[in-house]
Structure formats: C-alpha cells, structure tokens
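# Structural description and commentary
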Amino acid sequence: NAGVTQTPKFQVLKTGQSMTLQCAQDMNHEYMSWYRQDPGMGLRLIHYSVGAGITDQGEVPNGYNVSRSTTEDFPLRLLSAAPSQTSVYFCASSPGLPLQYFGPGTRLLVL
Amino acid sequence: AQKVTQAQTEISVVEKEDVTLDCVYETRDTTYYLFWYKQPPSGELVFLIRRNSFDEQNEISGRYSWNFQKSTSSFNFTITASQVVDSAVYFCALSEAKGFQKLVFGTGTRLLVSP
C-alpha cells in the first residue's frame, strides 16, 4: 500500500491563480481530511469527508473547495489563491477509527 | 469548544537528559481521544500514541512515556535519555468521540537535542 499520497510536493502560485492539491489513499478509508499548517498555529482542519459524496467544513474553510467523487480521492481546490494561503497542506485518511494517517504534505507558496 | 494548549514553544536539552512536553486540553465531551504526533525536520507527521478518555493508565514505550490526568486535563509526554534523533516538533491533539475525524491540534513544541 502506498498509504496517503499528495501531489505536488511543492508549488508556487501567483495571487489569483487557481490550482488543485491532489490527495489519494489506497486503504479504502471512509474518512478523509485536509489540514493546513502555519508557523505557530499548529494544524487546522480545512474540510473533511465522511464518505464519497459527503463533505463538510472544518475550522478554516474559506477560500477552499472540496469534493469527494470516489473513496480514494479528495482534492482540495484553491479558486483564487491569496498570499494568506501560503502554508503546508496535509491530507489525512481514517478507517472509521479515531486514528488518522497523514500524507507527506504539500508546500504551497503564493506570491 | 475544544482547545489544546502546548505552552512550551521550544525546549533545548543536551543528549541523555530527560524532557517532558506539556499538553493541556479543553473539551465539554466526556468521551474523547488524545494524541501525540512527531514532526521531524523532514516534515512528515508521525503518530506516537492515542489515548481515550476512559483510560487513564500511563503508558511507556521504550524511552517514551505518557501521563494522562483527567483531573488536570493534561496529557504530558516524557522522553527519557533524549537523543539527537528526538529533535522534532511534537504536537498534542484532541478529537471528540462523535467527530473523531476532526483533530484539534496544539501549536506544537520544538525539541532541540544537542550532542
């Protein structure tokens, strides 16, 4: 199993550009989540999904969209990137237990 | 509302010293889970331990030990005989039973172990 994979590893965007951060898991986990990590802030939940077709907002959802069309994939979309979205993004999945498996992260820089 | 406080921003120790990382949490739920994660310089998040609110037994795993005290809402982490490889950022996190997929993290404690 590859576990949780994220692409790209690093991305530079200009303000106003859009992009999609990819997240995939091959463990057939129902639950998937996106977190962002900022210096001095720890990790904060952006969006999460409890199954295909079901998503909900976390603590800091503004500026991000998600969808869950398959169990395996949970992409995070930035429609119009802002410098405040410069962060490290982690995707996680869970098999329905209180235990999350984190991906390696995507480092995003918005200029 | 849930909250996790890690008051120690950075700790520096010399190898072989013992070090304790503090974690204080707030939750209104009676059933919840507490976690510790390690983030080494390479950036990935490494799961260390999970504790549920009904299990107050302390746990020891090699050089690592955890002290869970509901009376003080604390879940502290001790590294015995620290090593350079323990240098990392350590995060404490909390989730409630009904929303277990939603982790609330503390701000992390950076541990620097020098030789």
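Everything in this summary refers to the structure shown in the same document. (Residues numbered from 1 in each chain as written. Chains lettered and ligands numbered in written order. Predicted model: local features only at pLDDT ≥ 70, side-chain atom pairs only at ≥ 80, totals over all residues. Heavy atoms only, no water.)

## Here we look at the overall build of chain B
The number of helices and strands found in chain B is zero helices and twelve strands. Its C-alpha atoms give chain B a radius of gyration of 14 Å, near enough to 13 Å, the size a compact globule of 115 residues would have. Principal axes of the C-alpha set define a box for chain B whose edges measure 45 × 25 × 20 Å. Accessible surface computed for chain B: about 5700 Å², of which carbon and sulfur atoms make up 49%. Mean positive and mean negative side-chain charge positions of chain B (11 and 13 charges, respectively) differ by 6 Å. (Helix = DSSP H or I, 4+ residues; strand = E, 2+ residues; numbered from the N terminus. Rg over C-alpha atoms; globule rule 2.2 N^0.38 Å. Areas by Shrake-Rupley, 256 points an atom, 1.4 Å probe, with all protein chains shown as cover. Lys, Arg positive; Asp, Glu negative; His and termini not counted. Charge placed at Lys NZ, Arg CZ, Asp CG, Glu CD.)

## Considerations on the layout of surface pockets
By volume, the largest pocket amounts to about 640 Å³. Lining the largest pocket are 30 residues, and of these Q37 of chain A together with Q39, V89, F91 and R110 of chain B sit closest to its centre. Put simply, the parts of the chain that give the lining of the largest pocket at least two residues each are β4 (31-38), β9 (87-94) and β11 (106-110) of chain A together with β10 (88-96) and β12 (109-114) of chain B. Taken together, the residues of the lining of the largest pocket break down into twelve nonpolar, 13 polar and five charged. The calculated volume of the second largest pocket comes to roughly 200 Å³. In this structure, the second largest pocket is lined by 14 residues; those nearest its centre are R44, L45 and E59 of chain A together with L103 and V104 of chain B. Mapped onto the lining of the second largest pocket, the elements with two or more residues apiece are β5 (42-51) of chain A together with β11 (104-105) of chain B. Considering every element that reaches the lining of the second largest pocket, the biggest residue donor is β5 of chain A, with four residues. The class makeup of the residues in the lining of the second largest pocket is seven nonpolar, four polar and three charged. (1 Å grid on protein atoms, 1.4 Å probe; cavity = no way out; pocket = protein on both sides within 12 Å on 5 of 7 lines; lining within 4 Å. Points joined across faces, edges and corners; volume = space filled by probe spheres on them. Nonpolar A, V, L, I, M, F, W, Y, C, P; charged D, E, K, R; others polar.)

## Details of the sheet that holds strand β1 (residues 4-7) of chain A
Residues and elements named next belong to chain A. Strand order in the open sheet formed by four strands is β1-β3-β8-β7, with antiparallel pairing between adjacent strands. The outermost strands of the open sheet, each flanked by one partner alone, are β1 and β7 (64-66). Each strand of the sheet is rotated relative to its neighbour by a mean of 20 degrees, with strand direction disregarded. Alignment of β1 against strand β3 (residues 19-25), held across four bridges, turns out to be antiparallel. Counterpart to T5 in the pairing with β3 is A24. (Pairing = 2+ DSSP bridges. Axes fitted to C-alpha atoms, helices over the stretch in contact; angles between N-to-C directions.)

## Details of the interface of chain B and chain A
Tallying the contact residues gives 16 residues for chain B and 19 residues for chain A. Taking both sides of the interface into account, the surface hidden between chain B and chain A amounts to around 1600 Å²; carbon and sulfur atoms contribute 65%. For the chain B face of the interface with chain A, the top three residues by lost area are L45, F100 and Q101 of chain B, together amounting to 37%. Inspection of the region where chain B meets chain A yields zero salt bridges. Applying the counting rule to chain B against chain A returns five residue pairs in polar contact (both at pLDDT 80 or more). Contributing elements (two or more residues each) for the side of chain B that touches chain A: β5 (32-39) and β6 (46-52) of chain B. Its residues assigned to classes, the side of chain B that touches chain A shows nine nonpolar, five polar and two charged. (Contact = heavy atoms within 4.5 Å. Buried area = accessible area lost by both parts, 1.4 Å probe. Salt bridge = Lys/Arg side-chain N within 4 Å of Asp/Glu carboxyl O. Polar contact = N/O pair within 3.5 Å; in protein donor to acceptor, adjacent residues only side chain to side chain.)

## Here we look at the pattern of salt bridges
Counting across every chain of the model gives five salt bridges over all chains. Salt-bridge contacts for R36 of chain A lead to D38 of chain A; the nearest nitrogen and oxygen are separated by 2.9 Å. Like R36 of chain A, the residue D38 of chain A is buried in the burial classification. A salt bridge links R63 of chain B to D86 of chain B; the nearest nitrogen and oxygen atoms lie 2.8 Å apart. Of this pair, R63 of chain B sits in the loop between β7 (59-61) and β8 (64-69) while D86 of chain B sits in the loop between β9 (74-79) and β10, and the two are 23 residues apart along the sequence. Classification of D86 of chain B by relative accessible area gives buried; the value is 1%. Via salt bridges that share partners, R36, D38 and R44 of chain A belong to a single interconnected network. (Buried < 20%, exposed > 50% of the residue type's maximum accessible area, 1.4 Å probe, protein only.)

## Quick look at the packing of aromatic side chains
All names here are of chain B. Enumeration over the complete set of coordinates arrives at 18 aromatic pairs over all chains. Taken together, a centroid distance of 5.9 Å and an interplanar angle of 45 degrees make the contact between Y37 and F105 tilted. With Y37 in strand β5 and F105 in strand β11, this pair connects stretches of sequence that are 68 residues apart. Under the relative-accessibility criterion, F105 is labelled buried at 7%. Consider the rings of F68 and F75, whose centres lie 5.8 Å apart with planes at 80 degrees: the pair is edge-to-face. (Phe/Tyr/Trp six-rings, centres within 6.5 Å; stacked < 30°, edge-to-face > 60°.)

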